[in-house]
Amino acid sequence: MVTQKQEVATPTNHSPPTRHNYNYDEQEFDKFQTFERWLIANGAQFPCLELRKYDNSDRYKDNKDGVLESVNSRVVMEENESEEKKDGAGGETTKSAITNEVNDGSDEMRGVHALTNLPPQAIIVSIPLRCLITVEMGQNTPIGRKILSSDLELDAPKHIFLMIYLLWDRAVNGSNSFFAPYYAVLPRRLRNMPIFWSEEELEGLKGSYMLSQISDRLQAVTRDYQSVCAAAPEFASIATLEEFTWARTIVCSRNFGLLINGRRTSALVPHADMLNHHRPRETKWTFCEESQCFTITTLKEIGAGEQVYDSYGQKCNHRFLLNYGFCVESNVEIDGFCPNEVSLELGWGEDLEEDEIYDDSKKSSSSRFSQLICGEDRECLEKKLAFWTRGDVESVSSEYFGSSWHTIASNMGRMGGSASAIMEATLGTSPTGADAAAARFAEASIVAAPQQPIVFPAKRVRVCISNNENTRVMFSMLRVLVCNSSELDRISWGGRAATAAGQRLYGIPGMASSATQATSIRMCRDIRYPISLQNERRAMELLLEITEFALSKYPTSLAQDAADLKNETAFPKYSNQRHAKLQVHGEKEVLHHFALWARTAIHVIDIILHELANEIKIVSQASKVTHPDRETEDGQNQELGFDYVIQAMEEDDECHNTILRYCSDALGAVRRDELNQIAAESIGIERTRNMGV
Ligand SMILES: C[S@@+](CC[C@H](N)C(=O)[O-])C[C@H]1O[C@@H](n2cnc3c(N)ncnc32)[C@H](O)[C@@H]1O
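Taking an unreviewed UniProt entry as the reference, the protein chain is identified by name as SET domain-containing protein belonging to Cyclotella atomus.

Okay, structure coming up:
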């Protein structure tokens, strides 16, 4: 890494800038002064910056599309404290009602501001290594050493060691800790973090997969706490689960991933962690080997008094919300890309009895996708399940059978799957001698649970309004889900139609040695091109069903959310209600995009199918009469035809580029192939006729 001489920018005017904008009461002011003095005494430099605190009233005043910006009014801290005490006591006044409503911890909100004009490429913060808390420091605590020697499986291993240091040092060294001034300024309550939201606040996320993620996060934190206590029982007296959860959110919202002296680590960096998020980025940070300091450098000029931001990265709002406790108002990059995603569930997650799948009269609402997914018969479903779950178990040997493998195997067994089908599904290979034990295990699974309902494991994929890798994976999985038996044979080798041509056409690997099979095997995420127009149409029908079902789970519509977001009294800036609203609004935008994609594709496919039917008619007429009625057909096609529709889409400014490209390129290619095939067949017919056969 190239190092350069590091000099921290100093104020341009001669008289030192006055730090008048703390907005704290005396006690708070002291705390922050002690913090800054501690840093400066230890070699830190940030002479052109000041820390500011924002209060609840600031949420109504913002700049940069809703990015935090304080006003300079001095805040009387007691007011918030007393409002807090009134919680639950039925505060009567409008003011207290509003304050209670937005009492979500944002009264502990701070930011960093420029005291003077900051030029571009100026180092504005320099924090020496000794003021950083690193993963290694956590690993070197007595608790950390015990965790390392017990080889625990943890949800957030790096974060855990930062948390351990924080909690251990605070408990053991207390006010004598070197880091005590830093601990004093860390937010005490993190009410904006969804894991601390009330039931009522969580209601705002109804219909969103985020609710599962929040409860998963809570469970993971509890599991990690229990694991740490099991490895180091004394930890229970160092931190309660509540404190552990607090430390988890502190670390996950404030840690920096760094390369320190060639070692990749994570660190808590006092002061640098006071910068709020904004994109596009205006500053960059790094650990400078030469000065052994963490530094922040400006990328553009920042005016005196302006807030100095850091970019937390290009992220979907669900990640901002889960890890940092906020959502970005307009999460759009300068190139127009919106990273907001929605998590879609493909497959069906619940257990279904066989008659719920195949008997129309017994189909329940829960079996909504079964029609398109189950295929023509049970054999088809079995084959599909094999392909769908192929490769899900990464390493299965005759000595070890993972629990998920067991589930898949016994599921297929319940459906009457043969041992070799199960082996193929899970390993992607036929059982060989070495896998005989696995095959026996599969057979045992079949016998073990013959009468159980069928589970077709659901897979989740996160998609955004962009044709990225995840979108391609989703389309691939949709194609597999709606396959009929013969289509499955075409896409998975070893089937009846796995011809050399099929292999070339669909990229099916040859049946080489089992060693190469394991790496080149085709999975349900690999079907990158339409299998056929009919299959693609079913895939789009399924996409439409999935998006409509997902939309039906939210209590409000996209239009309602957009209207709600305009109402800043009911949904105040930076409040948890507003962040929930922004999250579901973003998800619905993506869902509507894919619903429109599916509808447009179905329309275009129908046009192509109509054109192809006409073409076939013309060809078959040609085989009977010398002058087919081509003019009329062409005249009709020109008006309703594929080229006409694509041109109309191109001229439509509202038509999203990804939908247009899919229809014109992906569907256009299938259309061309089909037309070529019809033409080839027509030449064949002509030849046969000329030969007088
Ligand atoms: C690294 S800290 C930044 C300093 C923090 N504001 C403080 O008072 O200590 C990250 C936290 O700041 C808040 N934050 C940062 N950027 C924000 C933004 N653009 N909008 C709302 N809250 C933001 C969130 O609470 C987040 O968890």
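What follows concerns the overall build of the protein chain. A tally of regular secondary structure across the protein chain gives 28 helices and 14 strands. Across the 693 residues of the protein chain, 51% fall into the buried class. Across the protein chain, contacts joining residues at least 24 apart in sequence account for 75% of those joining residues at least 6 apart. Total accessible area computed for the protein chain in this model is approximately 32100 Å², and 51% of it derives from carbon and sulfur atoms.

Let's shift gears to the sheet that holds strand β11 (residues 293–298). Read across the sheet, three strands follow the order β5-β11-β10 without closing on themselves; strand pairing throughout is antiparallel. Every interior strand has two partners, whereas the edge strands, β5 (123–128) and β10 (283–288), have only one. On average, each strand axis in the sheet is inclined to that of its neighbour by 15°, with strand direction left out of account. Here β5 runs beside β11; their pairing, made up of five bridges, is antiparallel. Residue pairing across strands places Val125 opposite Ile296, the latter belonging to β11.

Looking now at the site of the ligand. Taken together, 17 residues are adjacent to the ligand, and Arg110, Asn192, Asn276, His277 and Tyr324 come closest. Side-chain polar atom of Asn192 to an oxygen atom of the ligand: 2.8 Å apart, as the coordinates give it. Contact between the ligand and His277: a nitrogen atom at 2.9 Å from a main-chain N or O atom of the residue. Coverage of the ligand by the protein amounts to 93% of the 560 Å² it exposes when considered alone.

Across two bridges, the pairing between strand β6 (residues 133–134) and strand β8 (residues 263–268) is antiparallel. Residue pairing for β8: Thr134 is matched across the bridge by Ala267. By the bridge criterion, six bridges tie strand β7 (residues 255–260) to β8 in an arrangement that is antiparallel. Each residue of the ladder has a partner; that of Ile260, found in β8, is Arg263. Taken together, β7 and the strand that follows it, β8, pair antiparallel across an intervening segment of two residues, in which Asn261 is found at a positive phi of about 50°.

It is worth spelling out the sheet that holds β6 at this point. Taken together, the three strands give an open sheet; going across it, the order is β6-β8-β7, and neighbouring strands pair in antiparallel fashion. In the strand order of this sheet, the two ends are held by β6 and β7, each with one partner. Where helix α6 (residues 157–173) meets the sheet, it contacts β6, β7 and β8, and its direction lies at approximately 45° from that of β8. Across the face of the sheet, helix α11 (residues 241–254) comes into contact with β7 and β8 while running at roughly 60° to β7.

Soluble globular proteins tend to pack their nonpolar side chains together in the buried interior. Core analysis: the largest hydrophobic core is formed by 144 residues, its most contacted members being Ile127, Phe235 and Met474. At 17 residues, helix α25 (residues 576–622) tops the list of elements feeding residues into this core. Dropping the residues within four chain positions of it, Phe235 is found in contact with Ile143, Ile164, Leu167, Tyr225, Val228, Cys229 and Phe244.

Inspection of the secondary structure assignment puts Ala114 in strand β4 (residues 109–114). Using a relative accessible area of 3% as the deciding quantity, one classes Ala114 as buried. Residues Ala114 and Gly303, 189 residues apart in the sequence, show an inter-C-alpha distance of 6.9 Å. With near-sequence residues (within four places) excluded, Ala114 lies in contact with Cys48, Leu49, Ile302, Gly303, Ala304, Gly305, Glu306 and Val308.

Below, the discussion takes up the pattern of salt bridges. A complete count under the given rule lists 25 salt bridges for this structure. With its nearest N and O atoms 2.6 Å apart, the salt bridge here joins Glu329 to Arg578. With a gap of 249 residues between them, Glu329 in the loop between α12 (317–324) and β13 (341–352) and Arg578 in helix α25 connect regions that are remote in the sequence. Accessibility expressed as a relative area gives 2% for Arg578, which makes it buried.

One pass over the full model with this rule turns up 24 aromatic pairs. When the ring of Phe35 is compared with that of Tyr182, the centres are 6.2 Å apart and the planes differ by 25°; the resulting orientation is stacked. With Phe35 in helix α1 (residues 26–41) and Tyr182 in helix α7 (residues 180–185), the pair connects residues that are 147 residues apart, well separated along the chain. Of the two residues, Phe35 and Tyr182, neither departs from the other in class, the shared state being buried. Aromatic pair Trp38 and Phe179: ring centres 6.0 Å apart, planes at 70°, arrangement edge-to-face. Within this pair, whereas Trp38 is found in helix α1, its partner Phe179 is found in the loop between α6 and α7, the two being separated by 141 residues in sequence. Among the aromatic residues, those joined into a cluster by ring pairs are Phe35, Trp38, Tyr165, Trp168, Phe178, Phe179, Tyr182 and Tyr183.

Bringing helix α24 (residues 558–566) into the picture now. Those residues of α24 that sit buried are Asp561, Asp564 and Leu565. Projected down its long axis, α24 shows its buried positions confined to an angular sector of 95°, all on one face. For α24, the exposed residues set more than 90 degrees away from the buried face come down to Ala559 and Lys566.

With respect to the helices and strands, Arg217 occurs in helix α9 (residues 210–231). No salt bridge is formed by the buried Arg217, whose closest oppositely charged neighbour, Asp155, lies at an N-O distance of 4.8 Å. Among residues more than four places away in sequence, those in contact with Arg217 are Ile195, Arg248, Cys252, Leu322 and Asn323.

Between α9 and α12, the shortest axis-to-axis distance is 11 Å and the interhelical angle comes to 30°. Classified by the interaxial angle, the pair formed by α9 and α12 is roughly parallel. The hand of the α9/α12 crossing is right-handed. Taken together, the residues of α12 that come into contact with α9 (itself represented by Met210, Gln213, Ile214 and Arg217) are His318, Leu321, Leu322 and Asn323. Looking at the contact of α9 with α12 residue by residue, the class counts come to four nonpolar, three polar and one charged.

How two helices sit against one another is set out by the angle between their axes and by the gap between those axes. Where α6 meets α11, the closest approach of the two axes is 9 Å, and the angle between their N-to-C directions is 125°. Classified by the angle between their axes, α6 and α11 sit oblique to one another. Crossing hand, α6 versus α11: right-handed. For the pair formed by α6 and α11, the contact residues are His159, Ile160, Leu162, Met163, Leu166, Leu167 and Arg170 on the first element and Glu243, Phe244, Trp246, Ala247, Arg248, Ile250, Val251 and Cys252 on the second. For the contact of α6 with α11, the per-class residue count stands at 11 nonpolar, one polar and three charged.

Thresholds applied
The residue numbering used here restarts from 1 in each chain and proceeds along that chain's sequence as written. Local features in this predicted model are restricted to residues of pLDDT 70 or higher, and side-chain atom pairs are both shown and tallied only at a pLDDT of 80 or more, whereas totals for entire chains, interfaces and linings draw on every residue. Each side-chain value is worked out from all heavy atoms of the structure, with water and hydrogens disregarded. The secondary structure listing takes helices from DSSP runs of H or I that are at least 4 residues long and strands from runs of E that are at least 2 residues long, numbered from the N terminus. Think of it in three bands: residues with accessible area under 20% of the maximum for their type are buried, residues over 50% are exposed, and the middle band is partly exposed, with areas taken using a 1.4 Å probe on protein chains only. Only heavy atoms matter for contacts: two residues are in contact if any of them lie within 4.5 Å across the pair. Each accessible area is a Shrake-Rupley result for a 1.4 Å probe, and residues are judged covered by the shown protein chains and nothing else. Two strands pair under a simple rule: DSSP has to find at least two bridges between them. Axis definition: a line fit to C-alpha positions, over the contact stretch in the case of helices; interaxial angles, taken between N-to-C directions, run 0 to 180 degrees. Throughout this document, a residue counts as near a molecule or strand when at least one of its heavy atoms sits within 4 Å of that molecule or strand. By the criterion applied in these results, polar contacts are pairs of N or O atoms within 3.5 Å in which, for protein atoms, one can donate a hydrogen and the other can accept it, and in which residues neighboring in sequence qualify only through two side-chain atoms. Nonpolar core, defined: a set of buried Ala, Val, Leu, Ile, Met, Phe, Trp, Tyr and Cys residues in which side-chain atoms within 4.5 Å join the residues together. Within this document, salt bridges are pairs made up of a side-chain nitrogen of Lys or Arg and a carboxyl oxygen of Asp or Glu, the two lying within 4 Å of each other. Centre distance within 6.5 Å is the pairing criterion for rings of Phe, Tyr and Trp, where only the six-membered ring of Trp is used; planes under 30 degrees apart are then read as stacked, over 60 as edge-to-face, and the remainder as tilted. Note that the arc is computed from the directions linking the helix axis to the C-beta atoms. As used throughout, the charge tally considers Lys and Arg to be positive and Asp and Glu to be negative, leaving His and the chain termini uncounted. Roughly parallel covers angles under 35 degrees, roughly antiparallel covers those over 145, roughly perpendicular covers 65 to 115, and oblique covers all other angles. We call a crossing left-handed when the near helix sits turned anticlockwise from the far one by less than a right angle, and right-handed when that turn is clockwise. For this classification, the nonpolar set comprises Ala, Val, Leu, Ile, Met, Phe, Trp, Tyr, Cys and Pro, the charged set comprises Asp, Glu, Lys and Arg, and every other residue, Gly included, is treated as polar.

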